[in-house]
Amino acid sequence: MKKYIVNIALFVFSSLASAGTYEDFFKAIQLDNAREVQRLLARGLDPNTPNAQGIPGLLLATQEQSFKVAQVLAADPQTAVDPRSARNESPLMLAALRGEQALVVQLVGRGAEVNKSGWTPLHYAATGGQLRVAAFLIGAQAEVDAGSPNGSTPLMMAAMYGNADTVKLLLESGADPAIRNAQGLSALEFAQRAGRADSAALIEQVLQRQQAQR
């Protein structure tokens, strides 16, 4: 009987400790407390532990812009580095959008998908005007003319939301400014609608060269 009671006590203590660890993990993610996450992983916490909404730690960390924690999780060999949100966003996409180059390099090195279906990490880097990240992704064989679900390309996103430097990089990397999306819009029209004269001028130069070569 005494042994039975001891076993129950140990089970209750273990359950309480696990609950505390779970709460500590997600609090550390929210606060971008990399040291605490390292401590919890050293104690045996599964880095893929999801929160109550089913979002695993690495994806949540990038959603919360807790990039120090994200780097710790990405470095753990047990971490699945390519989970997807309900919107089909990956940690690599979110890191690319924010220009977190070290994390982007780390995730690609761990095998995160550069050319996924739908919106891609290069779309997100172009949208954020993240020149260095975009250049790295292109060097990692990202498709420069990748089409989103509505056919928009990274060049279109750079033309409307990014900057002229990113537009120039994409054009020099072979992006085709003549492509139109499902709404019939081209990268030039994206730039014009956004009032980005510098990007529009770069695109027009390439279009003129294409016309002259025909």
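On a predicted model such as this, the values are computed, not experimentally measured, just so you know. (Residues numbered from 1 in each chain as written. Predicted model: local features only at pLDDT ≥ 70, side-chain atom pairs only at ≥ 80, totals over all residues. Heavy atoms only, no water.)

Draft legend 1. Looking closely at the nonpolar core. Leu107 and Leu137 are the most contacted members of the largest nonpolar core, which has 56 residues in total. Residue contacts for Leu107: discarding those within four places in its chain leaves Leu58, Ala74, Val81, Pro91, Leu92, Ala95 and Ala112. (Core = buried A, V, L, I, M, F, W, Y, C linked by side-chain atoms within 4.5 Å. Buried < 20%, exposed > 50% of the residue type's maximum accessible area, 1.4 Å probe, protein only. Contact = heavy atoms within 4.5 Å.)

Draft legend 2. Spatial organisation of the packing of helix 10 (residues 164–172) against helix 12 (residues 197–212). At a minimum axis separation of 8 Å, helix 10 and helix 12 run at an interaxial angle of 15°. Of the possible angle classes, the one that applies to helix 10 and helix 12 is roughly parallel. In the crossing of helix 10 with helix 12, the sense of the turn from one axis to the other is right-handed. Residues Ala164, Val167, Lys168 and Leu171 of helix 10 form the contact with helix 12, whose own contacting residues are Asp198, Ser199, Leu202, Ile203 and Val206. The residue inventory of the contact of helix 10 with helix 12, partitioned by class, reads six nonpolar, one polar and two charged. (Axes fitted to C-alpha atoms, helices over the stretch in contact; angles between N-to-C directions. Helix = DSSP H or I, 4+ residues; strand = E, 2+ residues; numbered from the N terminus. Parallel < 35°, antiparallel > 145°, perpendicular 65-115°, else oblique. Left-handed = near helix turned anticlockwise from the far one by under 90°. Nonpolar A, V, L, I, M, F, W, Y, C, P; charged D, E, K, R; others polar.)

Draft legend 3. Quick peek at the packing of aromatic side chains. Considering all chains together, one arrives at two aromatic pairs under this definition. Taken together, a centroid distance of 4.9 Å and an interplanar angle of 65° make the contact between Tyr22 and Phe26 edge-to-face. Taken together, the positions of Tyr22 and Phe26, both in helix 1 (residues 2–31) and four residues apart, correspond to about one turn of that helix. Aromatic ring contacts, followed pair by pair, group Tyr22, Phe25 and Phe26 into a single cluster. (Phe/Tyr/Trp six-rings, centres within 6.5 Å; stacked < 30°, edge-to-face > 60°.)

Draft legend 4. Representation of the environment of Ala201 within the structure. Along the chain, the position of Ala201 falls in helix 12. Between the C-alpha atoms of Ala201 and Gln30, which are 171 residues apart in sequence, the distance is 43 Å.

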